[in-house]
Amino acid sequence: MSVSIQIKDVVKRFGDLTVIPDLSIDVQDGEFFTLLGPSGCGKTTLLRMIAGFNSIEGGTISFNGQVINDMDPGKRNIGMVFQNYAIFPNMSVRKNVEFGLRYKKEKPSKEEAAKLTDEYLKLVHVDQYADRMPDRLSGGQQQRVALARALVIHPQVLLMDEPLSNLDAKLRVEMRTVIREIQRKVGITTIYVTHDQEEAMVISDRIAVMKDGVINHCGKSKSIYQRPANLFVASFIGKTNILGAQLVVDDGACWIKTKDGYRCRIDSVRDEEVADRPITISVRPEEFRIHRAEDTDEGMLGTVHSSVFLGLNTNYFVDLDSGETVQITLESEVNEIIPDGTKVRLTLNTSKVNVFDPTTFLSLMQGVENSVETPQTDADREV
């Protein structure tokens, strides 16, 4: 049986260094919740606090409302999967998976333990390797064994700390699909730590983007990518171009005015923010439209500096006449790549552009929470 997790006003210090100053978040029963952020942001520290491996200097962590701050790690009924797998090299695959069952409060019989072990070996598709030693397994197979060992004890919570970081790119893609499918089958509340944005977006019900021990934005991958709460989130999630501009009001409408005078209407800025003021805009590479300069007078004028063909898409790097450089992603054409040195004009897909205050770095867009979003219901959850 899984649980909901309540983290309220949590503080973590190492000596005089405060790593997590004051963090609150709720994780729903059965949710796949990911802590995402750069190295040193506090995500693994928080995971270890939930597991009981790190002390808590302030606030509370609760499972279904029961405070677990001082509970022994072995009594929290948690399964944990580590970055380095941590499977025992002197035990077969079967014995590795069986290991945790020996220490359960209600220890199963030998027959029950064997049945449970077989069930979870099949669940992660390593049953054919049950009698092998770990040194005869690939990295992906070892990670599956570690996952089976964590799940076989029927924990209330599954904690995963960068579990795919030691795998090659192809195995990472394969294993994130495996982990997500198994989590859905088992229905266990899962907290997953990673610094890989694509990985987080693929597997998560919700993502909390962390920086310096603070959650900057929490929500579904779609909202975090399309309407980030601040400039850090916009820059960390995917690629983006940051440009200076002006927000102007003309004839009752709101316009973005770039440094070279290009103007485009934007209707998604919050009403209370509409005023003549400097702004910072975030434009993802796919949100530019590119035109040859001789074909139009509209748009920001620039010169193609270089291009990179990537098969499906081609990335162009354009030096704007304003002095800024931007990256643009276009679907590759069959017959032509725009040559270096070509004069172009760039226009914006303003429905997707994000606008930020240049002083506070907070979003000025409608429908964006600048802190933590309210947890979604089962009906809202993307599956």
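It should be emphasised that the depicted structure is a prediction, and the values quoted were computed from it without experimental measurement.

Caption draft 1: Spatial organisation of the side chain of threonine 258. One can find threonine 258 in strand S12 (residues 253-258). A polar atom in the side chain of threonine 258 sits 2.7 Å from the side chain of aspartate 260. For threonine 258, the residues in contact, after removing those within four places along its chain, are Gly244, Ala245 and Met300.

Caption draft 2: The arrangement of the packing of aromatic side chains in detail. The full count for this structure, using the stated rule, is three aromatic pairs. Look at phenylalanine 32 and tyrosine 192: their rings are 5.6 Å apart centre to centre, the planes differ by 45°, and that puts the pair in the tilted class. Taken together, the residues span a long stretch of sequence, with phenylalanine 32 in strand S3 (residues 32-36) and tyrosine 192 in strand S8 (residues 189-194) at a distance of 160 residues. Here tyrosine 192 falls in the buried class, since its relative accessible area comes to 0%. Ring geometry for phenylalanine 232 against phenylalanine 236: centres 5.6 Å apart, planes inclined by 20°, an arrangement best described as stacked. With a gap of four residues between them, phenylalanine 232 and phenylalanine 236 both fall in helix H8 (residues 231-236), about one helical turn apart. Neither residue differs from the other here; phenylalanine 232 and phenylalanine 236 are each classed as buried. Sitting over the face of the ring of phenylalanine 88, arginine 149 holds its NZ or CZ atom 5.1 Å from the ring centroid. Here arginine 284 stacks its cationic end above the ring of tyrosine 225, 3.9 Å away from the centre of that ring.

Caption draft 3: Highlighting helix H5 (residues 169-186). The first and last C-alpha atoms of H5 sit 26 Å apart over 18 residues, in line with the 26 Å expected at 1.5 Å per residue. Buried within H5 are the following residues: Leu171, Arg172, Met175, Arg176, Val178, Ile179, Arg180, Ile182 and Gln183. On its buried face, H5 is in contact with S3, helix H3 (110-123), helix H4 (139-151), strand S7 (157-161), S8 and helix H6 (197-203). Directly beyond the C-terminal end of H5, a positive phi value near 75° is found at glycine 187.

Caption draft 4: Geometry of the packing of H4 against H5. At a closest axis distance of 11 Å, the pairing of H4 and H5 adopts a crossing angle of 20°. It follows that H4 is roughly parallel to H5 by the angle criterion. For H4 against H5, the interelement crossing comes out right-handed. Of H5, the residues touching H4 (which contributes Gly140, Gln143, Arg144, Leu147 and Leu151) are Leu171, Glu174, Met175, Val178, Ile179 and Ile182.

How each quantity is defined
Residues numbered from 1 in each chain as written. Predicted model: local features only at pLDDT ≥ 70, side-chain atom pairs only at ≥ 80, totals over all residues. Heavy atoms only, no water. Helix = DSSP H or I, 4+ residues; strand = E, 2+ residues; numbered from the N terminus. Polar contact = N/O pair within 3.5 Å; in protein donor to acceptor, adjacent residues only side chain to side chain. Contact = heavy atoms within 4.5 Å. Phe/Tyr/Trp six-rings, centres within 6.5 Å; stacked < 30°, edge-to-face > 60°. Buried < 20%, exposed > 50% of the residue type's maximum accessible area, 1.4 Å probe, protein only. Lys NZ or Arg CZ within 6 Å of the ring centre and 35° of its normal. Expected span 1.5 Å × (residues − 1). Axes fitted to C-alpha atoms, helices over the stretch in contact; angles between N-to-C directions. Parallel < 35°, antiparallel > 145°, perpendicular 65-115°, else oblique. Left-handed = near helix turned anticlockwise from the far one by under 90°.

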